[in-house]
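# Structure at a glance
Below are the chains, spelled out letter by letter.
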Amino acid sequence: MIQVREYATLTADSEADPSINVGRVSGATFEWLINLHNQWEQDSKLIIRNGKKYLKLGSYVGYLQSPSGEGIEILPKTEFASPEKPEPLRKLLQDMLRCSASLDGREGDSADLTRSELPIHEWIIAQFLNQLTTLVKRGLRFDYETIEEESRFIRGQLDVGKQSRQSPARATWFNIRHDVFSPNRTENRLLRTALDYVLKLTKNAQNWRVANTLSHQLSVIEPFRKPLPQISQWQNTKLMQPYRAIKPWCVLVLERLNPNFQHGLHSGIAMLFPMEQLFENYVAHHVKKQMRSGASLTSQAASQWLIKHSPDGGPEKSWFQLKPDLLVTYLSRKTVMDAKWKLLDSTQNTSAEKYGIKQADLYQLFAYGHKYQNGYGHMLLIYPKHAAFQEPLPTLSFSEDLHLWCVPFDMYEKQLVVGEWVRFFPALRRDLPLEPGDDLHKTLKSIEDVSKALGGSRASDLAQRLHKHLGLAGELTLVTEDMIHQTSGDQFNDWSDRKQVLGFEYAVTDPATGQNVGTGMLLLPFTTKQLLHKLKSLLKRYQRQVSGAVPKNLDSVMARVEERLRLAIVTKESKP
């Protein structure tokens, strides 16, 4: 088997020196690769050099096997330099596939399944067989299957229509319809079909023995001839919970190891995965584990659009949907994070090289920041950690309000590299306790402190900061000492400063009903965390009111409450 990594070159040139970056294959395999390349929708390139053809691979990893049986394993490129051994790369790829398949970590603890010498396709087969063995031991789910047949005895229902058309020669036969408790439900048939594929493709002795044993145990189950359209029929009910762990591996085998995927080249395998997607899933899986309680993570959030447009003066429509890889929500803060599978170089810190960051990526984050974070706050751009990028870069600022941090993700330690950026992202610091001097625990003693906590620079910025933070225009009211005394009825002492600001109130108006939703009086001092909790509560109440979850006609609601109370009193008094 030939081992290469991303962006390697494949060739049939006998003079080529094989390495992790250059794969030398047979002529038949190379022709098969060229034909396959014409069908791919990826960034591979056909290069002609000195009259000889070379195929430059893109950012895809996985396994290729030509009809002649020659195998090519493509591993991730995690360093600029060539690795000494490929085993760590293969193990990393296995971990990333587990995360993409949403597999619980304990599922891959078996020593037989974590052997690094298994090619990636054999490892996937082993994972599938391990899950199937466990499922068979627990017991497969049966379901009722409707059978229509002719019988000499009536069982179930008689099909009156067919029976009335029965010829006199078969008058002693009955057309019946009845249910049989059978293992031939969709999920089991898909598993049996995947098992048949595995038996045809595996060349590993242990995998074949396990697959052969399971094949005899599942012999009563009928496979599908065309399984892919049936995958959508897989039920994810509570009854089918034991099947949840095996589903991603079954789908992987059916979609990627289908021996009939090529016309006329049925013995080939082309199981390739985009590294960008694997890295994004890998980061999301481990970041979610490290998040603080109360924080939520949304992958591929799709609630915002780049522009609104009214074509031909008609109804306004949203165009160009914005989908950040990860969106973290904590208290009332939203944080955009994007994962990019690219090797940065922290030594390339000139205005020409720019660390290797793509300008298009910054345009993308700029749009995300304005639409999801209202143009202020801090965002994360996550890249893989390697020898030339081991520490977070200094902050990149789009404006005085919107900032971006480029942070390395350690793929072996499975966490973001800690740096100055962490104090702006409290949701991502589960392992770091909040200190008394932490930003969230900071005591705000003045309106200026409140404004600065929301990204402002002076007290007069507070209204604008609240508007940006919530994304809602509202009315700011500063609570002064004379307002408190007017409310309470207390008299002023001679030394009191009647205009001293003691707090604030922010009210937002629902444009449809004209009703207000406000924070209520927030009297100083309070902590940043308490402030964000209050703003989060305001945002939730406003969203519920706009969506109709809160009754708009409060007078009628109060009337119904009073009527129920009156009836309850009358009923109680009428009892002896």
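Further up the page is the structure itself.
The rules behind these values
- Residues numbered from 1 in each chain as written.
- Predicted model: local features only at pLDDT ≥ 70, side-chain atom pairs only at ≥ 80, totals over all residues.
- Heavy atoms only, no water.
- Helix = DSSP H or I, 4+ residues; strand = E, 2+ residues; numbered from the N terminus.
- Buried < 20%, exposed > 50% of the residue type's maximum accessible area, 1.4 Å probe, protein only.
- Contact = heavy atoms within 4.5 Å.
- Areas by Shrake-Rupley, 256 points an atom, 1.4 Å probe, with all protein chains shown as cover.
- Pairing = 2+ DSSP bridges.
- Axes fitted to C-alpha atoms, helices over the stretch in contact; angles between N-to-C directions.
- Left-handed = near helix turned anticlockwise from the far one by under 90°.
- 1 Å grid on protein atoms, 1.4 Å probe; cavity = no way out; pocket = protein on both sides within 12 Å on 5 of 7 lines; lining within 4 Å.
- Points joined across faces, edges and corners; volume = space filled by probe spheres on them.
- Salt bridge = Lys/Arg side-chain N within 4 Å of Asp/Glu carboxyl O.
- Nonpolar A, V, L, I, M, F, W, Y, C, P; charged D, E, K, R; others polar.
- Polar contact = N/O pair within 3.5 Å; in protein donor to acceptor, adjacent residues only side chain to side chain.
- Core = buried A, V, L, I, M, F, W, Y, C linked by side-chain atoms within 4.5 Å.

This next bit is on the overall build of the chain. A tally of helices and strands in the chain yields 14 helices and 26 strands. For the chain, the residues scored as buried account for 43% of the 576 residues in total. The long-range share in the chain, meaning contacts at least 24 apart out of those at least 6 apart in sequence, stands at 63%. Of the roughly 31,000 Å² that the chain leaves accessible, carbon and sulfur atoms contribute 50%.

What follows covers the sheet that holds strand 8 (residues 143-151). With antiparallel pairing, three strands are arranged side by side in an open sheet as 8-10-9. This sheet does not close on itself; its edge strands, each paired only once, are strand 8 and strand 9 (157-158). With nine bridges joining them, strand 8 and strand 10 (residues 174-182) adopt antiparallel strand pairing. Its bridge partner being in strand 10, Asp143 is matched across the sheet by Ser182.

The next thing to look at is the packing of helix 3 (residues 120-138) against helix 6 (residues 205-217). Closest axis-to-axis distance for the helix 3/helix 6 pair is 10 Å, and the angle between their directions is 35°. The interaxial crossing formed by helix 3 with helix 6 has left-handed handedness. For the pair helix 3 and helix 6, contact is made by Glu122, Ile125, Ala126, Leu129, Leu132, Thr133 and Val136 and by Asn207, Val210, Ala211, Leu214 and Gln217, respectively.

This part is about empty space enclosed by the protein. One pass over the structure, following the stated rule, counts one cavity of 30 Å³ or more. Within this model, the largest cavity holds a volume of roughly 70 Å³. Of all the secondary structure elements, the ones that give two or more residues to the lining of the largest cavity are strand 15 (326-330) and strand 16 (333-339).

Moving on, we get to the pattern of salt bridges. Enumeration over the complete set of coordinates arrives at 19 salt bridges. When the shortest N-O distance is used, the salt bridge between Asp338 and Lys340 registers 3.1 Å. Taken individually, Asp338 and Lys340 each receive the classification buried, so the pair is uniform in this respect. A salt bridge links Asp361 to Lys340; the nearest nitrogen and oxygen atoms lie 3.7 Å apart. Highlighted residues: Asp361 in helix 9 (residues 359-372) and Lys340 in the loop between strand 16 and helix 9, separated in sequence by 21 residues.

In this structure, the largest pocket occupies an estimated 1,000 Å³ of space. Forming the walls of the largest pocket are 42 residues, and the residues nearest its centre are Arg333, Tyr376, Gly377, Leu454 and His469. If you list the elements that add at least two residues to the lining of the largest pocket, you get strand 16, helix 9, strand 17 (377-384), helix 10 (447-453), helix 11 (462-470) and helix 13 (528-547). Looking at the lining of the largest pocket, its residues break down into twelve nonpolar, 17 polar and 13 charged.

For the rest of this paragraph, the subject is the side chain of Ser59. Relative to the helices and strands, Ser59 resides in the loop between strand 5 (52-56) and strand 6 (60-65). Classification of Ser59 as buried rests on a relative accessible area of 2%. Reaching out from Ser59, the side chain makes a polar contact with the side chain of Glu276 at a distance of 2.8 Å. Every residue in contact with Ser59, bar those within four places of it in the chain, is listed here: Glu6, Tyr7, Asp43, Phe273, Pro274, Met275 and Glu276.

Glancing now at the nonpolar core. Core analysis: the largest hydrophobic core is formed by 99 residues, its most contacted members being Phe128, Leu380, Leu428 and Phe504. The biggest single contributor to this core is helix 3, with nine residues. Every residue in contact with Phe128, bar those within four places of it in the chain, is listed here: Leu191, Ala194, Leu195, Val198, Ile246, Trp249, Cys250 and Val253.

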